[in-house]
Amino acid sequence: MNELVAGGGSYMLPALFGIAVVFFCVVVFISMRRAVRANDQILLLEALLREQRKQTKVLQQLVELSCEPEVTQTDVENTPELAVEEPSHLTFRAER
């Protein structure tokens, strides 16, 4: 009778060790999966940042090309061809 009771306890330690190993593997799997997802999100955000920088550079170039230099009042007075009066029905406005 003592052999049956004492024999059952010898399997308890390996069973607990097996459960601990399985639990550890599940925890590692979940944490690695989260890390991979986080790395993918970081890569996507970096790609978005690069694209935004490219678009910003293109937009700055377009703005620089579309903007004309402003004419000051002294420039108008000094240049005779700009001082000519235009008819009142013709008005030119810069579009922005």
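Peer 1: Can you lay out the overall build of the protein chain for me, pointing to particular residues and giving the numbers?
Peer 2: Along the backbone of the protein chain there are three helices and zero strands. Start at the N end of the protein chain and walk to the C end: the helices and strands fall as α-α-α. Expressed as a percentage of its 96 residues, the buried residues of the protein chain come to 0%.

Peer 1: Which residues make up the confidence of the model for the protein chain, and what values go with them?
Peer 2: Here the protein chain shows a mean pLDDT of 77. Residues at 70 or above account for 60%. Summarising per-element confidence for the protein chain, the mean pLDDT is lowest in helix H1 (residues 2–9) (56) and highest in helix H2 (residues 12–66) (91).

Peer 1: Any details on a nonpolar patch on the surface? Residues and values, ideally.
Peer 2: Residues Val-22, Val-26, Phe-29 and Ile-30 make up a contiguous nonpolar surface patch of roughly 370 Å² in combined accessible area. Tracing the chain through its elements places Ile-30 in helix H2.

Scoring rules and cut-offs
- Residues numbered from 1 in each chain as written.
- Predicted model: local features only at pLDDT ≥ 70, side-chain atom pairs only at ≥ 80, totals over all residues.
- Heavy atoms only, no water.
- Helix = DSSP H or I, 4+ residues; strand = E, 2+ residues; numbered from the N terminus.
- Buried < 20%, exposed > 50% of the residue type's maximum accessible area, 1.4 Å probe, protein only.
- pLDDT = per-residue confidence, 0-100.
- Patch = residues over 30% accessible without salt bridge, like charges linked within 9 Å, V, L, I, M, F, W, Y side chains within 5 Å.
- Areas by Shrake-Rupley, 256 points an atom, 1.4 Å probe, with all protein chains shown as cover.
- Salt bridge = Lys/Arg side-chain N within 4 Å of Asp/Glu carboxyl O.

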